[in-house]
Amino acid sequence: MVYWIHIARSIDRVTLHKEKCAEVPSNAIRTDFWEGGWFDYPTKERALAAMEQAGTTYQKNCPLCKP
Ligand SMILES: [Zn+2]
């Protein structure tokens, strides 16, 4: 299972998704962590750690895929 986090700097929020979530773009491209974007991790623990590192005010779990 792969987990994705979506860092949205413009709204100061990071969201956790599961691999198969419809919201994860099929052409997700790794961009700069500090600029935001989509990032995948092999375990939920690492995804959660990355969410902490993102340093955004808001952290949420996707209501669609319920990671
Ligand atoms: Zn999702």
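This text follows the structure it describes.
Here goes a summary of the coordinates provided. (Residues numbered from 1 in each chain as written. Predicted model: local features only at pLDDT ≥ 70, side-chain atom pairs only at ≥ 80, totals over all residues.)

Listed in full, the buried residues belonging to helix H1 (residues 44–54) are Ala47, Met51 and Ala54. Buried residues along H1 cover an arc of 60 degrees about the axis, so they all sit on one side. In H1, those exposed residues whose orientation departs by more than 90 degrees from the buried face are Glu45 and Glu52. In the stretch just after H1, glycine 55 is the one whose phi turns positive, near 70 degrees. (Buried ≥ 20, exposed ≤ 12 C-beta atoms within 10 Å, placed from the backbone. Helix = DSSP H or I, 4+ residues; strand = E, 2+ residues; numbered from the N terminus. Arc of directions from axis to C-beta.)

With that settled, the discussion passes to the nonpolar core. Among the nonpolar cores identified, the biggest contains nine residues, and these are Tyr3, Trp4, Ile5, Ile7, Val14, Leu16, Ala47, Met51 and Ala54. Elements supplying a minimum of two residues to this core: strand S1 (3–8), strand S2 (13–18) and H1. Take this core: its biggest share by element is four residues, from S1. Aside from chain neighbours lying at most four places away, what touches tryptophan 4 is His17, Glu19, Val24, Trp38, Phe39 and Asp40. (Core = buried A, V, L, I, M, F, W, Y, C linked by C-beta atoms within 7 Å. Contact = placed C-beta atoms within 7 Å.)

Now for the environment of cysteine 21. Topologically, cysteine 21 is positioned in the loop between S2 and strand S3 (37–41). Cysteine 21 sits 44 residues away from cysteine 65 along the chain, and the two C-alpha atoms are 5.5 Å apart. Once residues lying within four places of it in the same chain are set aside, the contact partners of cysteine 21 are Cys62, Leu64 and Cys65.

Strand order across the open sheet formed by four strands is S3-S1-S2-S4, with mixed pairing between neighbours. A single partner strand is all that each edge strand has here, and the edge strands are S3 and strand S4 (58–61). Taking each pair of neighbouring strands and ignoring which way they run, the sheet shows an average axis angle of 20 degrees. Relative to S3, S1 runs antiparallel, the two sharing five bridges. Following the sheet pairing, tyrosine 3 is matched in S3 by tyrosine 41. Running over the sheet, H1 touches S1, S2, S3 and S4 and is turned about 10 degrees from S1. (Pairing = 2+ DSSP bridges. Axes fitted to C-alpha atoms, helices over the stretch in contact; angles between N-to-C directions.)

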